[in-house]
Amino acid sequence: RRQRQMCIRDRAMGAKQKAEAKKELAAKRRQLTQAERRIEELDRLFKRIDEDNANGKISDSRFQMLSDDYEQEQEELRKKLLRLTEEITKQEEQSENIDRFISKVQKYLDLNELTPSVLNDMVKAVYVHAPDKSKGYREQQIDISYDLVGILPASLLNGLQNEETA
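Before going into details, it helps to say that this report is about the structure given with it. Given the structure is predicted, the values throughout are model-derived calculations rather than measurements. Positions within a chain are numbered from 1, following the residues in the order the chain's sequence is written. Local features in this predicted model are restricted to residues of pLDDT 70 or higher, and side-chain atom pairs are both shown and tallied only at a pLDDT of 80 or more, whereas totals for entire chains, interfaces and linings draw on every residue. Side-chain measures were taken over the full set of non-hydrogen atoms in the model, leaving aside hydrogen atoms and water.

Thoughts on the overall build of the chain
(1) Moving on: A run of H or I in DSSP counts as a helix once it spans at least four residues, and a run of E counts as a strand once it spans at least two, with each numbered from the N terminus. Summing up its helical and strand segments, the chain has four helices and three strands in all.
(2) Moving on: Taken from N to C terminus, the helices and strands of the chain fall in the order α-α-α-β-β-β-α.
(3) Moving on: Partly exposed describes any residue whose relative accessible area lies between the buried limit of under 20% and the exposed limit of over 50%, with all areas from a 1.4 Å probe on protein chains only and scaled to the type maximum. When the 166 residues of the chain are sorted by exposure, 19% land in the buried category.
(4) Moving on: Residue pairs in contact within the chain that sit at least 24 positions apart in sequence constitute 52% of those at least 6 positions apart.
(5) Moving on: Here, Shrake-Rupley sampling with a 1.4 Å probe gives the accessible areas, and only protein chains in the shown set may cover a residue. If you sum the accessible surface of the chain, you get close to 12,900 Å²; carbon and sulfur atoms cover 50% of it. Every residue pair with non-hydrogen atoms within 4.5 Å of one another is taken to be in contact.

In structure tokens form, the structure reads like this:
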């Protein structure tokens, strides 16, 4: 019963985080689309001022000023496109990895014994830090890097542990 409650709670937490991640991803995709449209619009504007300059409608100095501004904005937008594309790809990969990790965890919900094969399947690395005796007692930090998701934040793990004992 307790495992079922934990599973339901974990799914609710996961659903909330997933919804937030989806919103963030959608916002980044909108920004990406807007930047692409603006680059296309700047191309059209540049062609128009080039024609206006050729027809004598705007001066050479005005043409140069406008073209420099358009080129600078396009360069900034191209950098933004690269950054957004990388962020979107990274976020999609993280989401897929989290889903795969959750599937792995669900395989081991009724685990009675920690075996080497389970450990190898779930854990990527264990980092044991130097002991700290500054508080008058020995304290040693251990970080576990899980497969697909890396090191989970201590605040998340402490929150789950506190909820388990409540």
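A few points about the sheet that holds strand β3 (residues 150-151)
(1) Moving on: Note: two strands are recorded as paired if DSSP finds a minimum of 2 bridges between them. The antiparallel open sheet is built from three strands, whose spatial order is β1-β2-β3. Two strands bound the open sheet, and with one partner strand each, they are β1 (123-128) and β3.

Some details on the pairing of strand β2 (residues 142-146)
(1) Moving on: Note that β1 and β2 share five bridges and pair antiparallel. Each residue of the ladder has a partner; that of Val 123, found in β2, is Tyr 146.
(2) Moving on: With two bridges joining them, β2 and β3 adopt antiparallel strand pairing. Counterpart to Tyr 146 in the pairing with β3 is Gly 150.
(3) Moving on: Count of turn residues in the β2/β3 antiparallel hairpin: three residues, of which Leu 148 carries a positive phi of about 80°.

Focus: the side chain of Asp 52
(1) Moving on: Checked against the element boundaries, Asp 52 lands in helix α1 (residues 2-54).
(2) Moving on: Of the side chains with opposite charge, Lys 57 comes closest to the buried, unpaired Asp 52, at an N-O distance of 4.2 Å.
(3) Moving on: With sequence-adjacent residues up to four places away left out, Asp 52 is seen in contact with Lys 57 and Ile 58. By the counting rule applied here, Lys and Arg register as positive and Asp and Glu as negative, while His and the ends of each chain are not counted. Salt bridges are defined as contacts in which a side-chain nitrogen from Lys or Arg sits within 4 Å of a carboxyl oxygen from Asp or Glu.

Observations concerning the environment of Val 123
(1) Moving on: Mapping Val 123 onto the fold places it in strand β1.
(2) Moving on: Distance in space between the C-alpha atoms of Val 123 and Gly 150 is 8.8 Å, their sequence separation being 27 residues.
(3) Moving on: Sequence-distant contacts of Val 123, defined by excluding residues within four places in its chain, comprise Ile 144, Ser 145, Tyr 146 and Asp 147.

Section: a nonpolar patch on the surface
(1) Moving on: Patch members must show over 30% relative accessible area and no salt bridge, and they are joined within 9 Å when carrying like charges or within 5 Å when they are nonpolar side chains of Val, Leu, Ile, Met, Phe, Trp or Tyr. Residues Val 126, Val 128, Ile 142 and Ile 144 make up a contiguous nonpolar surface patch of roughly 350 Å² in combined accessible area.
(2) Moving on: Breaking the nonpolar patch down by element, the ones donating at least two residues are β1 and β2.
(3) Moving on: Within the secondary structure, Val 126 sits in strand β1.

What to know about the pattern of salt bridges
(1) Moving on: Enumeration according to the criterion identifies 11 salt bridges in this entry.
(2) Moving on: A salt bridge links Glu 24 to Lys 28; the shortest N-O distance between them is 3.3 Å. Of this pair, Glu 24 and Lys 28 both sit in helix α1, four residues apart, which is roughly one turn of that helix.
(3) Moving on: Accessibility expressed as a relative area gives 42% for Glu 24, which makes it partly exposed.

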